[in-house]
Structure formats: C-alpha cells, structure tokens
Amino acid sequence: MGLIGLLIGSFLNVVIHRLPIMLERGWQAQAREILAAEGTAAAGPEPTEIYNLIAPRSGCPGCGAPIKAWQNIPVLSYLLLKGKCAACGVAISMRYPLVEAITAALSALVAWHFGYSLETVAALILTWALIVLTVIDLDHQLLPDSITLPLLWLGILFALLGTTFTDLNSAVIGAIAGYLILWSIFHLFKLVTGKEGMGYGDFKLLGALGAWLGWQMLPVIIILSAAVGAITGIGMILVGGRDSQRPIPFGPFLAAAGFIALLWGAQLTGAYQQAAGF
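Since the structure is predicted, the reported quantities are computational estimates derived from the model, not experimental observations.

S.K.: What exactly am I supposed to notice about the environment of Met-94 here?
M.R.: Mapping Met-94 onto the fold places it in the loop between helix 2 (76-80) and helix 3 (95-114). Looking at Met-94, the relative accessible area reads 53%, which means it is exposed.

As structure tokens, this is what we get:
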C-alpha cells in the first residue's frame with residue numbers, strides 16, 4: 001500500500017497543481033459569457049488549448065520541457081535529478097516528493113490500521129482527498145466544491161451501504177451539524193467584528209467529515225483543529241513575524257483533525273468521556 005501510495009501521490013500532485021488553474025479558467029469562461037451577453041468585450045484572449053488532469057503532458061515549470069517517464073518516478077526521480085530539471089537545471093519544488101512520501105506513509109498507516117477490509121478502501125479515498133484539500137488550501141486559500149461536495153455525498157453513500165465508519169442517521173446528522181456549526185460561527189464572528197473569519201469551503205469540509213465519521217466525531221475534530229490552528233497561528237505571528245491581519249487557512253487543520261479522528265477518534269472520545277466522568 002505504501003508503494004501504491006507513492007503512485008497515487010504523484011497523481012495528487014497533478015490535481016493540486018492543475019485543479020485551481022482549471023477552476024480559474026472556468027470562472028473566466030463564465031465571466032466572458034456574462035460580458036458577451038451584456039455586449040461587453042472581455043479583456044485578453046480566450047485560452048484555446050486543452051487543459052485538464054490528463055492533458056497537456058507534464059512539463060518543467062521553467063523551460064516547459066516534457067517530463068520523461070524515468071524522470072517521473074515518485075521520490076526516486078527527484079533524488080536522481082538532485083531536485084533540478086534535467087533540461088534547464090531550474091530547481092524543482094521539494095513539495096512534489098513530500099506529497100508523494102506523505103501519501104505513501106499515510107496510505108500504509110491506513111492499511112495497517114484497518115487491515116484487509118472495505119473500510120481501508122474508503123479510508124484511503126478520504127485520506128487522499130484530505131491531502132489534496134490541505135495543499136490547495138495552503139496555496140490558494142481555497143477548498144474546491146468539486147472535491148468537498150462529492151466527498152460529502154460519498155460519505156453518506158458509504159453509510160447507506162453500511163460499509164464504513166458510522167450509520168446512516170449519524171452520517172446525515174453529521175453532515176448537517178458539521179456545516180451549520182461553522183456556518184453559525186462564521187456569521188456570529190461577522191456580526192461581532194464585521195469581518196469574515198473563514199470561507200464557505202470550511203463549512204463543507206466539516207460537513208463532509210461529519211458525513212464520513214458521524215456527528216459523534218465532530219467535537220473531537222473541532223477541538224483538535226481549533227487548538228492546533230490557534231497554536232500554529234500564534235507561533236507564526238510571534239516566531240515567524242507573520243502579519244496578524246493576514247488570514248491563515250483553516251482547511252488544513254480540519255483535514256488533519258479529520259484524519260486523526262478517522263483512525264483514533266473513538267479512543268479520544270472515550271478518553272475524554274472518562275476524564276469528564278461521563
């Protein structure tokens with residue numbers, strides 16, 4: 001599963017890089033349609049080349065040279081090329097092998113945790129989606145609907161089939177409660193401060209996690225994500241000198257907390273209830 005995770009990680013890198021560009025081009029196309037309907041000319045030429053997760057072929061971000069098969073072996077090719085393009089020598093971001101290695105490690109951990117079961121298949125799908133959402137949110141402060149919404153419905157579908165981590169009633173309540181909790185916090189914060197404290201994608205991601213894991217896991221996810229997010233944010237401001245007014249994406253903290261809840265949520269909930277005397 002670790003070896004398969006390396007290959008999946010290579011594909012996740014493609015999704016992470018290309019999906020935001022595809023979304024932006026889609027928004028621009030919609031804007032052009034609106035402007036055309038109003039009789040207004042759009043600025044700049046309309047892209048004509050095909051651009052999706054398959055085409056065009058991957059190339060160097062510096063010189064555009066196509067990446068050969070031997071240069072696209074997860075992690076190994078990066079080491080052999082010493083982190084540089086074989087054609088022009090421009091540095092290649094270390095994020096690519098990191099995503100591949102992290103995907104491999106988390107995939108192996110999931111397989112080891114759940115064993116030979118349908119739960120492993122479902123957990124892998126959720127894990128890979130969370131990795132993509134984490135990196136895209138870090139890069140663009142964006143949690144694409146094209147991932148969060150299918151993830152939510154897939155969680156409910158798995159619960160309906162009885163193949164995953166919660167029953168159908170808990171999944172539906174989890175999806176509703178997960179969305180509404182952050183939606184309520186968002187509007188309360190906006191009412192008090194006049195500012196938007198998070199994006200709508202965060203609501204959908206927590207709703208998706210509620211659909212996958214059930215409403216019972218929402219307290220664990222919220223507490224973990226809020227605590228880690230607060231500690232990280234304060235640390236970045238005090239140590240890294242980050243501007244306190246510059247927003248920090250919340251999606252990565254939700255994703256990390258959701259993954260922890262996927263593997264150890266029941267134990268954490270049980271420990272909390274025992275400590276609280278429930």
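S.K.: Could you clarify how one ought to interpret the packing of aromatic side chains in this entry?
M.R.: One pair of aromatic rings is described through two measures. These are the centre distance and the angle between the planes. Counted according to the given criterion, the structure contains seven aromatic pairs. Between Tyr-179 and Phe-203, the ring centres sit 5.5 Å apart and the planes meet at 85°, which makes this aromatic pair edge-to-face. Of the two residues, Tyr-179 is situated in helix 6 (residues 168-193) and Phe-203 in helix 7 (residues 200-213); the sequence distance between them amounts to 24 residues. By relative accessible area, Phe-203 is classed as buried at 0%. Relative to Tyr-200, the ring of Phe-186 has its centre 5.4 Å away and its plane inclined at 65°; by these criteria the two rings are edge-to-face. Taken together, the positions of Phe-186 in helix 6 and Tyr-200 in helix 7 put the pair 14 residues apart, joining distant regions of the chain.

S.K.: I tried to follow a nonpolar patch on the surface on my own but got confused; where do I start?
M.R.: Taken together, the side chains of Leu-157, Leu-160, Leu-161, Leu-168, Val-172, Ile-176, Leu-180, Trp-183 and Tyr-200 present a nonpolar region at the surface, about 800 Å² in accessible area. Elements with a minimum of two residues in the nonpolar patch: helix 5 (145-161) and helix 6. For the nonpolar patch, the leading source of residues is helix 6, giving five residues. Residue position: Ile-176 is located in helix 6.

S.K.: Would you explain the environment of Leu-209 in this entry?
M.R.: You can see Leu-209 is positioned in helix 7. In this structure Leu-209 comes out as buried when scored by relative accessible area, which is 0%. Once residues within four sequence positions are removed from consideration, Leu-209 is found in contact with Leu-126, Leu-130, Gly-214, Ile-221, Leu-254 and Gly-258.

S.K.: What is the right way to look at the packing of helix 1 (residues 2-37) against helix 3 in this model?
M.R.: Working note: a packed helix pair is described by the angle between its axes plus the distance between those axes. Following both chains from N to C, one finds helix 1 and helix 3 inclined at 135°, their axes separated by 7 Å at the closest point. The angle between the axes of helix 1 and helix 3 places the two elements in the oblique class. For the element pair helix 1 and helix 3, the recorded crossing hand is right-handed. Residues Gly-2, Gly-5, Leu-6, Ile-8, Gly-9, Ser-10, Leu-12, Asn-13, Ile-16 and His-17 of helix 1 lie in contact with helix 3, whose contacting residues are Arg-95, Tyr-96, Val-99, Glu-100, Ala-101, Thr-103, Ala-104, Ser-107 and Ala-108. For the contact of helix 1 with helix 3, a count of residues per class yields nine nonpolar, eight polar and two charged.

Reading guide: rules and limits
- Residues numbered from 1 in each chain as written.
- Predicted model: local features only at pLDDT ≥ 70, side-chain atom pairs only at ≥ 80, totals over all residues.
- Heavy atoms only, no water.
- Helix = DSSP H or I, 4+ residues; strand = E, 2+ residues; numbered from the N terminus.
- Buried < 20%, exposed > 50% of the residue type's maximum accessible area, 1.4 Å probe, protein only.
- Phe/Tyr/Trp six-rings, centres within 6.5 Å; stacked < 30°, edge-to-face > 60°.
- Patch = residues over 30% accessible without salt bridge, like charges linked within 9 Å, V, L, I, M, F, W, Y side chains within 5 Å.
- Areas by Shrake-Rupley, 256 points an atom, 1.4 Å probe, with all protein chains shown as cover.
- Salt bridge = Lys/Arg side-chain N within 4 Å of Asp/Glu carboxyl O.
- Contact = heavy atoms within 4.5 Å.
- Axes fitted to C-alpha atoms, helices over the stretch in contact; angles between N-to-C directions.
- Parallel < 35°, antiparallel > 145°, perpendicular 65-115°, else oblique.
- Left-handed = near helix turned anticlockwise from the far one by under 90°.
- Nonpolar A, V, L, I, M, F, W, Y, C, P; charged D, E, K, R; others polar.

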